[in-house]
Structure formats: C-alpha cells, structure tokens
Amino acid sequence: MADLESLISKLIMEGSLPDEINLTRKQLAEKIIALEIPGQIFIDDLIYDHISDFSEPTHISGYYVIWNEYFSRLILKKLASYGGMEELMRTHEQVIEQILKEKISSLSPRYFEHYIFKLLSQSNDFTRIRLSPATRDGGIDLSCFFYEEDTRIRLIFEAKKLSRPVGPSVVDRLISVMKFEKKKWKIPVRGVIVSLNGFTEGARKRANSENMEFWDINTLIRLSKDNEVGIKKFV
C-alpha cells in the first residue's frame, strides 16, 4: 500500500500543481484520486491518519510541504533551490504570514473585532479584556488593562477594517474618548487604533503628541504568531 509521502510525490511529479498551493484534506484526496493509481487505497483514511506527519517542514520532489493545523491546510510551495532546513523554515514563515494576512482580510468588521479580542485574551500581558457591543459602544470597540513597569494603564481600542488608510478624524474621536476615560478611571489611558490598511500621514501627525499606538496588519500577524492564534473558528 502506498504511503502518503509517495502519493504526494506522485502528485507533484504529475506536473499539474502550481508553484504554490494550499489544500484541505478533501482537496488533497480529490487530487490523489484523480491520479488513478492502481490498487486499493483508502485515501481518506490514509490522509486522516498521516497528514500530521508533515507538521514539520519537509521537502518532497522539489516542493516544500507542511501541514498547518491552525488552518487545516497542506501547504506546498516549489523551491527554487535546496538550501536545507534554514530555507524551508524561512519559506514556512512567509507562507504562514501570507495565509494569516488573507484570512484576517477576509473577516467581517465585527469578526475583525472578535479576532483582536482573541489575540488579547491569549496573551499574558492583558487583563479584564472586554469586547464592546456591536452598537452604542461609546467609541470603544475593545478595552483592557496592562502594566508598564509598575504603572497600571487602561487600553481602549478602535478597530477599523476599512479599504483605505485611517485618517486624522478617527484619531480625533479617540482622543476625545481617551480624555473621558482618564477622568473616569483616574489612571493613564492609552488609545490603540487597529487598521487593516494602515494610516495616513495626517493621522500619524495628529497622534504624535498623544498616548496612542497604531496597530496594522503586520502587528496582528506578529501577535497571531506569538500567541499561536489561528483563524479557523472565526471564518
């Protein structure tokens, strides 16, 4: 009976794969079945039992191959050269970052907020994390507390999943909310604007003298990897 690695090798050698592809278990099974390999092979069982064998980067017939449990995808990417495990690991990081970027970008605005909530919840740095209601949130999408040295700081978040960069008007609104929160809590308040598509120069200049942070897609990818947060349950 053929093993899964040899079947993946046959799939690669058949020559129909693009230079880069991500496959679900079902998609992988369909492609292997299409090879019409002689003999009785229980493809679904074989994939289910052995797909996790590729949890570490492997290269097969000139392709980088790895099973990513977060996304339930088998990642195959053609290698231009064989540079050993170091090259495989670099490729692995690039592929994971691209998948994260695509998945985060596909979330609805509300699930984008849920995803940020999950990132904060998985980190040991933040406490009393709260996701605001979808409406009448008082200008705060999420809030939490953290300590900077011995100082307790309240963080308030405004999440913007827009097709364009965030401008200074969003900064101005959050500054007003920060002032209100500082009076209410009697502790330092830091504003965080999370924008999928970055920030205008005007927004950055407006926030320059304020206790404020900007998080972009690269920040979210880094936090996702640091805290091992996937996307599957949010899509």
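Since the structure is predicted, the reported quantities are computational estimates derived from the model, not experimental observations.

## Here's the deal with the packing of aromatic side chains
Evaluation of the coordinates by the stated rule reveals four aromatic pairs. An angle of 70 degrees between the planes, with centres 5.2 Å apart, marks the rings of Phe145 and Trp185 as edge-to-face. Of this pair, Phe145 sits in strand E6 (residues 142-148) while Trp185 sits in helix H6 (residues 168-185), placing them 40 residues apart in sequence. For Phe145, a relative accessible area of 2% corresponds to the buried category. A cation sits over an aromatic face here: Arg152 above Phe145, 4.0 Å from the ring centre.

## Some details on helix H3 (residues 43-50)
Taken residue by residue, H3 has Ile43, Leu46 and Ile47 as its buried positions. All buried residues of H3 fall inside an arc of 95 degrees around its axis, so they share one side. Of the exposed residues in H3, the ones pointing more than 90 degrees away from its buried face are Asp44 and Tyr48. The inward-facing, buried residues of H3 contact helix H1 (4-13) and helix H2 (25-33).

## Side note on the pattern of salt bridges
The final tally for this structure, using the stated rule, is nine salt bridges. Two residues, Glu181 and Arg154, come together in a salt bridge whose shortest N-O distance is 2.6 Å. Separated by 27 residues along the polypeptide, Glu181 in helix H6 and Arg154 in strand E7 (residues 151-160) bring together distant segments of the chain. The same class applies to Glu181 and to Arg154, which are both buried. Asp172 is the partner of Arg206 in a salt bridge, and the nearest nitrogen-oxygen pair spans 2.5 Å. Taken together, the residues Arg206 in helix H7 (residues 201-207) and Asp172 in helix H6 connect sequence positions 34 residues apart.

## Overview of the sheet that holds E7
Taken in spatial order, the five strands line up as E5-E6-E7-E8-E9 in an open sheet, and their pairing is mixed. The strands lining the two open edges of the sheet, one partner per strand, are strand E5 (127-131) and strand E9 (212-215). Sheet twist, expressed as the average angle between the axes of neighbouring strands with direction ignored, equals 25 degrees. Direction of pairing for E5 relative to E6: antiparallel, over a ladder of three bridges. Bridge pairing in E6 places Arg130 opposite Ser143. Most of the contacts of helix H5 (residues 109-122) go to E5, to which it runs at about 170 degrees, and overall it touches E5, E6, E7, strand E8 (189-195) and E9.

Rules behind the numbers
Along each chain, the written sequence defines residue order, and numbers are assigned to residues from 1. pLDDT decides what is reported in this predicted model: residues at 70 or higher carry local features, side-chain atom pairs at 80 or more are listed and counted, and totals for whole chains, interfaces and linings draw on all residues regardless. For side-chain calculations, the full set of non-hydrogen atoms in the structure is used, while hydrogens and water are omitted. The rule is short: rings of Phe, Tyr and Trp, with Trp giving its six-membered ring, pair when the centres are within 6.5 Å, and they are stacked under 30 degrees, edge-to-face over 60, tilted in between. Secondary structure elements follow DSSP: runs of H or I of four or more residues count as helices, runs of E of two or more count as strands, with numbering from the N terminus. Here the term buried applies to any residue with accessible area under 20% of the maximum for its type, exposed to any over 50%, and partly exposed to those in between, with areas from a 1.4 Å probe on protein chains only. Working rule: Lys NZ or Arg CZ, within 6 Å of ring centre, within 35 degrees of ring normal, means a charge sits over the ring. The arc refers to the directions leading from the helix axis to the C-beta atoms. When checking whether two residues touch, look at their non-hydrogen atoms; a contact exists if any pair is within 4.5 Å. Put simply, a salt bridge is a Lys or Arg side-chain nitrogen that is within 4 Å of an Asp or Glu carboxyl oxygen. DSSP bridges decide pairing: two strands pair if at least two such bridges lie between them. Between the N-to-C directions of two axes lies an angle of 0 to 180 degrees, each axis being a line fitted to C-alpha atoms and, for a helix, fitted only over the stretch in contact.

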